[in-house]
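Here's the letter readout for the chains.
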Amino acid sequence: MSSEDLPAADRFPWWCEQMAQDIVPSMVSSPHVGDFRSTVTVAELGRVLLTTIDYPELRSVRSSAMVRRSDPERYGLSLILANDLYMAQRDNEARLHPGNLLLHDTSQPMDTRALPGTGRGEMVMLQVPRSTLPLRPERLNPLLAQVIPGGTGMSAVFARYIVSVAGVIGRGEVGEREVERLGEVALDLAAATLASYIDAEDRLSPETRRQALLARIEAFVELNLADPELTPATIAAHHHISLGYLHRLFQHRERTVAAWIRHLRIERARADLADPRLRHHPVHALGARWGFPHAADFNRAFRAAHGVPPGDYRRQTLGAGAAAVDVASMNR
């Protein structure tokens, strides 16, 4: 939904109504009331809501009276994507930058200000019912309106996950059967992220801990695909688990750990082979870039996955221009 689909005079009232429905009622003011430009995307993922918003400079105040009149009893865990945001809640206040995470509680008054910057502000927010978190409110209160770095540990895994889910939802790539599962994983990752900041991992269910560990493993593999030494054994050692337990984590998945790593590497290489900007890179170099240091191994794995050698795939995809490049690289 975009305010730009409406007449300029209707945009700000529309946005205030959407925020009241999708997040919480609040008193909103902005220097852009006359022409308020914003886009809001809300996805129901089972028990949680995933909301992506862009917005201009504004201030939103939720008073005690508003809390008493209407409270969905939810926590919001947001990733700031663009421009700075200020929030005050309870006795806490913070100025957040892109890449930071922010926790708020709809059951308590708050003051939020989207600060001026280059372009519009943007965030992606996971809204979680208070009752679904296995963490006591008094333990979470110190995290409200505080800077939670989004680039390390579970925070980075959570941030990466909600951005990727928002992306596939925006592109319409999520089927109805996948929606609830995506939400449950997001809920598990949110709980694990918050628990890691209050030393309460022992409060998490075994399933939540398992999902959090799987997400950390997936992020680690994605970051280290280019390393030819990335194997199930090194993954298990890095995460301080046995090799047998690692395999059990993947036993209900379509691929084993090793097959999944090989699949990711081949798909990354396939994308590079189809990229016209990389047409001057030799085929074997693109294989080595994704963890295949030996050309023969790359050729064999790619042919098994796609039915043709990587050089033929490049020629079919890019056309005659790639053929000359491949011949030149073979003659070096």
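Before any of the text, the structure's been laid out above.
First things first, this report covers the structure right here in the doc. (Residues numbered from 1 in each chain as written. Predicted model: local features only at pLDDT ≥ 70, side-chain atom pairs only at ≥ 80, totals over all residues. Heavy atoms only, no water.)

## Quick look at the environment of leucine 77
At step 1: For leucine 77, the location among the structural elements is in strand 5 (residues 74–82).
At step 2: Given the relative accessible area of 3%, leucine 77 is considered buried.
At step 3: Separated by 28 residues in sequence, leucine 77 and aspartate 105 place their C-alpha atoms 9.1 Å apart. (Helix = DSSP H or I, 4+ residues; strand = E, 2+ residues; numbered from the N terminus. Buried < 20%, exposed > 50% of the residue type's maximum accessible area, 1.4 Å probe, protein only.)

## A few points about the sheet that holds strand 10 (residues 121–129)
Backbone hydrogen bonds hold the strands of a sheet together, and the pairing may be parallel or antiparallel.
At step 1: Reading across from one edge, 2-3-10-5-8-11 is the order of the six strands in this open sheet, with antiparallel pairing throughout. Two strands bound the open sheet, and with one partner strand each, they are strand 2 (39–45) and strand 11 (148–149).
At step 2: Across seven bridges, strand 3 (residues 48–55) lies against strand 10 in antiparallel orientation. For isoleucine 53, the partnering residue across the bridge sits in strand 10 and is methionine 123.
At step 3: This element, helix 1 (residues 8–22), spans strand 2, strand 3, strand 5 and strand 10 of the sheet and lies at about 20° to strand 2. (Pairing = 2+ DSSP bridges. Contact = heavy atoms within 4.5 Å. Axes fitted to C-alpha atoms, helices over the stretch in contact; angles between N-to-C directions.)

## Some details on the nonpolar core
Soluble, globular proteins show a tendency: their nonpolar side chains are buried together.
At step 1: Formed by 42 residues in total, the largest nonpolar core has its most connected members in Leu103, Leu140 and Leu189.
At step 2: Mapped onto this core, the elements with two or more residues apiece are strand 2, strand 3, strand 5, strand 8 (100–105), strand 10, helix 4 (153–170), helix 5 (176–197) and helix 6 (206–223).
At step 3: Broken down by element, this core gets its largest block of residues, 10 residues, from helix 5.
At step 4: The residues touching leucine 140, leaving out its near neighbours within four places in the chain, are Tyr75, Leu103, Leu133, Leu135, Leu194 and Ile198.
At step 5: Membership of the second largest hydrophobic core comes to 30 residues, among which are Val221, Trp260, Ile261 and Leu264. (Core = buried A, V, L, I, M, F, W, Y, C linked by side-chain atoms within 4.5 Å.)

## Describing the packing of aromatic side chains
At step 1: For the coordinates displayed, the defined rule picks out six aromatic pairs.
At step 2: With a centroid separation of 5.6 Å and an interplanar angle of 40°, the aromatic rings of phenylalanine 250 and tryptophan 260 are classed as tilted. Residue phenylalanine 250 is located in the loop between helix 8 (243–249) and helix 9 (257–273), and its partner tryptophan 260 is located in helix 9; the two are separated by 10 residues in the primary sequence.
At step 3: Overall, the relative accessible area of 3% leaves phenylalanine 250 in the buried class.
At step 4: On the basis of relative accessible area, tryptophan 260 is assigned to the buried category, the value being 13%.
At step 5: Aromatic side chains phenylalanine 298 and phenylalanine 302 sit 5.9 Å apart centroid to centroid with 70° between the ring planes, which places their arrangement in the edge-to-face category. Residue phenylalanine 298 and its partner phenylalanine 302 are located together in helix 11 (residues 295–306), separated by four residues, close to a single helical turn. (Phe/Tyr/Trp six-rings, centres within 6.5 Å; stacked < 30°, edge-to-face > 60°.)

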